[in-house]
Number of protein chains: 2
Amino acid sequence: MQQTRLNTDRIRAARRLINPVFRDTPLYRCEALEPDLGCAVSIKLETANPVRSFKARGTEVVASLLADRGSQAVVCASSGNLGQALAWSGRDRGLDVTVVSSRFATASKLDRIRALDARLELVDGDHELARDRAVAIARSDGIRLVEDSLDIETCEGAATIGLELVDTAPSFDTVLIALGGGALATGVGHVLKALAPEVELICVQPLGAPAMTRSWRSGRVVTTDSTDTIADGVDGRRPIPAVLDDLLLVADDAILVQESSIITGMRLLFAQAGLIAEPSAALGIAALLENRDRFAGRHVVTVVCGGNVDADAYRRWVGADPVHGS
Amino acid sequence: MQQTRLNTDRIRAARRLINPVFRDTPLYRCEALEPDLGCAVSIKLETANPVRSFKARGTEVVASLLADRGSQAVVCASSGNLGQALAWSGRDRGLDVTVVSSRFATASKLDRIRALDARLELVDGDHELARDRAVAIARSDGIRLVEDSLDIETCEGAATIGLELVDTAPSFDTVLIALGGGALATGVGHVLKALAPEVELICVQPLGAPAMTRSWRSGRVVTTDSTDTIADGVDGRRPIPAVLDDLLLVADDAILVQESSIITGMRLLFAQAGLIAEPSAALGIAALLENRDRFAGRHVVTVVCGGNVDADAYRRWVGADPVHGS
């Protein structure tokens, strides 16, 4: 294939920088989901760790390299999961961490960032405004800005999930990946194309935050003016050109799903798999719900990439269950 | 120490018989729980696997040995988790599995046993009556009866959790273990006493099902006429003498907890850790809630041993949250 920005040897090296608590996550067939979905479903679970999402794989790589170089501080913009992960990885290595978030981000995610000793700065706007502010802080303070998906370490960290998928001698046909900034999709996608090219990589994004999917479909960056989705982990509006270029090389398809399917996906993961998934982590199940014929009889892996939910919102989402009783 | 029925070399050998999907489960510090509990808390998570509990560690050992000997069939009595695990392990090795359950067992657990192709027989009584019926089936059919906690393989399988705890070079002071029949407690306890004797093992049981705890305290088998607890995984009434003998050698204490603490424990695991725990799996958190002074400042590991909940009952349990808002 054409070259992405990633390199498999570098991904293997990155893996060694990641605290083992974030590696070798559970991967297992979940038969209880299958009657509702019509295909074989395996779960790659990225929520059973200290930050409840896969993002620490990337921040572990970033923070390790910064600490090795003697850096003192780091900043990022985050709707929550990256910020929490960077706070954890930075604290573990003695770095001062600043996280810039939207004031409208999930409250429990912001609480966790504070609890991990990071300095939290809130902006009156969405994630893109937070990103602008983080850029300004990095410039004025002369510190490293961690940009999710643009910074190669975030993609390499996420790509280690791909190594774990292919190391199990996969019998699966398809990997479903939540698509936001693109680190997870391009990272896992690079590894699959390099080491298991017969496996299909399908990205899933909410209809209410479709910028990257539209960009992938048209082959050029398409931005949107706003987003409208509960999936706060993937609600970007301005795809990064270099990440799109990689995505064009590794994704076999990109699917948009409705909000109602995301909620049904969370309900199924709750009731049938016993898993608390945040909306972004239910995108794969949502794609299966909306495309039963396409996936019928196939073996699909979906990466449950985060479980940081606001408890009250989550109770509302899963409180009434049209699939399996009230 | 005096000898239990277990042997560390045999436990290491048992580990090799267990499908890797059930081994090397997540073990991680969960800081978000700590403000409510007043001590350092790590989670050993046994729910992210195809049967959502630790029980398959034991049934993998049993089923492997049976298949090696050319056995065709196996039977057990189970309130759900053992039955589901034996159904999985037996199916994987071509064994016919019969599970005898109480008609009053958690419906979702019974559904999962059926879905795994086991023959399910229901009795109009509690777990002890189901055990009597399973004994009768084993005799009449001439097949192996798997008796949880009595059969050494079930203890050896559970004990592999202990190997994983000590292999992480533990910095923890205490392990909290749900106490039912005793396989988990004696298995993990044996390994701790053999390989990390400085670590305290504390068993936790519901006040409504206190037979084993009372037996441990008095040094002889104490039975009860009934049980009254939502923790269906640990609701035995007739402790097994040989298991009690082992427990007397390895447990440092046995604590009884109230139902309300079990529910608060499930709520905390839901809201602060993002984990769905069945009542038995919240016993450790319940013990911390009721004994804050005792554990203050210590580092405690609690084994979240199962996540098979009835979705509706679980919604009721975690639906209103006196700890963290409604």
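Computed from a predicted model, the values in this text were never measured in an experiment.

Q: Would you mind showing me how to read the side chain of N81 of chain A here?
A: Within the fold, N81 of chain A resides in helix α4 (residues 81-92). Residues within four places of N81 of chain A in sequence aside, it is in contact with S53, K55, K109, E278 and N308 of chain A.

Q: Help me understand helix α3 (residues 56-68) of chain A, please; the structure alone is not making it clear to me.
A: In an α-helix there are 3.6 residues to a turn, and that puts residues three or four apart on one side. Residue and element names in this part refer to chain A. The end-to-end C-alpha separation of α3 is 18 Å, in line with the 18 Å expected for 13 residues at 1.5 Å each. For α3, a buried count of ten out of 13 residues is recorded, marking the element as mostly surrounded by other parts of the structure. Residues of α3 that are buried: A56, R57, G58, T59, E60, V61, V62, A63, S64 and L66. Check the buried side of α3 and you find it contacts α1 (8-15), β2 (40-45), β3 (73-77), α4, β6 (144-146) and α7 (152-167). Positive backbone phi, approximately 80°, marks G70, located one or two places after α3.

Q: How should the nonpolar core be read in this particular structure?
A: A general trend in soluble globular proteins is that nonpolar side chains are found buried together. L33 and V175 of chain A together with L33 and V175 of chain B are the most contacted members of the largest nonpolar core, which totals 164 residues. In this structure, L33 of chain B is in contact with V41, I43, L268, L269, Q272, A273 and I285 of chain B, ignoring residues within four places of it in sequence.

Q: What's the story with the relation of the copies chain B and chain A in this structure? I'm lost.
A: These two copies of the chain differ by a rotation about an axis and a displacement along the same axis. For these two chains of identical sequence, chain B goes onto chain A by a turn of 180° and a shift of 0.0 Å along the axis, with RMSD 0.0 Å. As the rotation angle and translation indicate, the two copies are arranged about a two-fold axis. When you check the interface residues of chain B against chain A, 100% turn up at the interface there too, and the contact is symmetric in its surfaces.

Q: Sorry if this is basic, but what is going on with the packing of helix α11 (residues 259-273) of chain B against helix α14 (residues 311-319) of chain B here?
A: The relative placement of two packed helices comes down to the angle between their axes together with the axis-to-axis distance. Residue and element names in this part refer to chain B. It is the contact of α11 with α14, at a shortest axis distance of 8 Å, that shows an interaxial angle of 90°. Relative to α14, the element α11 is oriented roughly perpendicular. Contacts between α11 and α14 pair I263, M266, R267 and F270 from the former with Y314, R316, W317 and V318 from the latter. Counted by class, the contact of α11 with α14 contains six nonpolar, no polar and two charged residues.

Q: Explain the sheet that holds strand β10 (residues 299-304) of chain B to me, please; I cannot follow it from the model alone.
A: Strands pair in a sheet through their backbones, by hydrogen bonds, and they do so in one of two ways: parallel or antiparallel. Residue and element names in this part refer to chain B. Read from one edge to the other, the open sheet built from six strands follows the order β1-β2-β10-β7-β8-β9, with strand pairing classed as mixed. On the outer flanks of this sheet lie β1 (27-29) and β9 (253-257), each paired with one strand and no other. Averaged over neighbouring strand pairs, the angle between their axes works out to 25° when direction is ignored. As paired strands, strand β7 (residues 174-178) and strand β8 (residues 200-206) are joined by five bridges and run parallel to one another. Bridge pairing in β8 places V175 opposite L201. Against the sheet, helix α12 (residues 283-290) makes contact with β2 (40-45), β7, β8, β9 and β10, and its axis sits at roughly 85° relative to β9, the strand it touches most.

Q: How do you make sense of the interface of chain B and chain A when you look at a structure like this?
A: It is common to report an interface's size as the accessible area lost on association of the parts. Facing the 31 residues of chain B at the interface are 31 residues of chain A. Together, the buried faces of chain B and chain A total about 2400 Å²; carbon and sulfur atoms form 54% of this surface. Between chain B and chain A we count two salt bridges in total. Linking chain B with chain A are eight residue pairs in polar contact (both at pLDDT 80 or more), by the criterion used here. Mapped onto the side of chain B that touches chain A, the elements with two or more residues apiece are β1, α4 (81-92), α11 and α14 of chain B. Counting residues per element, the side of chain B that touches chain A draws most heavily on α14 of chain B, at six residues. Looking at the side of chain B that touches chain A, its residues break down into 18 nonpolar, five polar and eight charged.

Q: What's the story with the confidence of the model for chain A in this structure? I'm lost.
A: In low-pLDDT segments, the atomic positions of the prediction should not be examined closely. In this model, chain A carries an average pLDDT of 94, and 97% of its residues clear a pLDDT of 70 or more. Between residues 321-326 of chain A, whose pLDDT stays under 50, and residues either more than four places distant or in other chains, the model counts 14 contacts.

Q: I keep staring at the layout of surface pockets and nothing clicks. Help me out?
A: Using a probe with the size of a water molecule, rolled over the atoms, empty space left in the structure can be pinpointed. In this structure, the largest pocket spans a volume of roughly 1100 Å³. Residue lining of the largest pocket: 41 residues in total, with R23, D24, T25 and P26 of chain A together with D24 of chain B positioned closest to the centre. Among the secondary structure elements, those contributing two or more residues to the lining of the largest pocket are β1 (27-29), β2, α4, α7 and β10 (299-304) of chain A together with β1 of chain B. Residue composition of the lining of the largest pocket, by class: 20 nonpolar, eight polar and 13 charged.

Q: Just checking my understanding: could you explain unusual backbone geometry for this structure?
A: What you tend to see is this: most non-glycine residues have negative phi, and most peptide bonds are trans. The phi torsion at D24 of chain A lies on the positive side, around 50°, for a residue other than glycine. Along the polypeptide, D24 of chain A turns up in the loop between α1 and β1. Residue D24 of chain A is classed as partly exposed on the basis of its relative accessible area of 49%. One non-glycine residue with positive phi stands out, namely S149 of chain B, at about 80°. Of note, S149 of chain B is situated in the loop between β6 (144-146) and α7 (152-167). Judged by relative accessible area, S149 of chain B falls into the buried class, the value being 2%.

Q: What am I meant to see in the packing of aromatic side chains here?
A: Geometry of an aromatic ring pair is reported as the spacing of the ring centres plus the angle between the planes. Here the structure, examined in full by the defined rule, presents six aromatic pairs over all chains. Taking 4.9 Å as the distance between ring centres and 90° as the angle between the ring planes, the aromatic pair formed by F22 of chain A and W88 of chain A counts as edge-to-face. Of this pair, F22 of chain A sits in the loop between α1 and β1 while W88 of chain A sits in helix α4, placing them 66 residues apart in sequence. Measuring from centroid to centroid gives 5.8 Å for F270 of chain A and Y314 of chain B, while their planes differ by 45°, and the two rings are tilted. In this pair, F270 of chain A is assigned in helix α11 (residues 259-273) and Y314 of chain B in helix α14, connecting two distinct chains. By relative accessible area, F270 of chain A is classed as buried at 4%. For Y314 of chain B, a relative accessible area of 0% corresponds to the buried category. Ring-pair connections join several aromatic residues into one group, and the members of that group are F270 and Y314 of chain A together with F270 and Y314 of chain B.

About the thresholds
In this convention, every chain numbers its residues from 1, walking through the sequence in written order. Starting at A for chains and at 1 for ligands, labels are handed out in the order in which the entities are written. Per-residue local features are limited, in this predicted model, to residues with pLDDT of at least 70; the limit for side-chain atom pairs, both in listing and counting, is 80 or more; totals at the level of whole chains, interfaces and linings are taken over all residues. Remark: hydrogens and water are excluded; side-chain values derive from all non-hydrogen atoms of the structure. The helix and strand labels rest on DSSP assignments: H or I over at least four residues marks a helix, E over at least two residues marks a strand, and numbering proceeds from the N terminus. Residues are treated as being in contact if the distance between any of their heavy atoms lies within 4.5 Å. One less than the residue count of a helix, multiplied by 1.5 Å, gives the span that helix is expected to have. Burial classes: relative accessible area under 20% of the type maximum marks a residue as buried, over 50% as exposed, and values in between as partly exposed (1.4 Å probe, protein chains only). In plain words, nonpolar cores are sets of buried Ala, Val, Leu, Ile, Met, Phe, Trp, Tyr and Cys residues tied together by side-chain atoms within 4.5 Å. When the copies are superposed, the least-squares fit draws on C-alpha atoms of residues that have pLDDT of at least 70 in both. All axes are obtained by fitting lines to C-alpha atoms, using only the stretch in contact for helices, and the reported angles, taken between N-to-C directions, cover 0 to 180 degrees. The scheme is simple: roughly parallel for angles under 35 degrees, roughly antiparallel for over 145, roughly perpendicular for 65 to 115, oblique for anything else. When residues are grouped by polarity, Ala, Val, Leu, Ile, Met, Phe, Trp, Tyr, Cys and Pro land in nonpolar, Asp, Glu, Lys and Arg in charged, and all others, Gly among them, in polar. When DSSP locates at least two bridges between a pair of strands, those strands are taken to pair. By convention, the term buried area covers the 1.4 Å-probe accessible surface removed from two parts as they join, with the contributions of both added. In the sections that follow, a salt bridge refers to a side-chain nitrogen of Lys or Arg positioned within 4 Å of a carboxyl oxygen of Asp or Glu. Here a polar contact is recorded for every N or O atom pair within 3.5 Å, except that within protein the pair must consist of a potential hydrogen donor and a potential acceptor, and residues adjacent in sequence are included only if both atoms are side-chain atoms. The pLDDT value expresses, per residue, how confident the predictor is, ranging between 0 and 100. Cavity means a closed set of points on a 1 Å grid over the protein atoms alone, one where a 1.4 Å probe fits but cannot get out, pocket means an open set with protein on both sides within 12 Å along at least 5 of 7 lines, and lining means a residue has an atom within 4 Å of a point. Grid points are joined across faces, edges and corners, and a volume is the space filled by probe spheres set on the points. Working definition: a ring pair exists when centres of Phe, Tyr or Trp rings (six-membered ring for Trp) sit within 6.5 Å. Plane angles under 30 degrees give stacked, over 60 give edge-to-face, the rest tilted.

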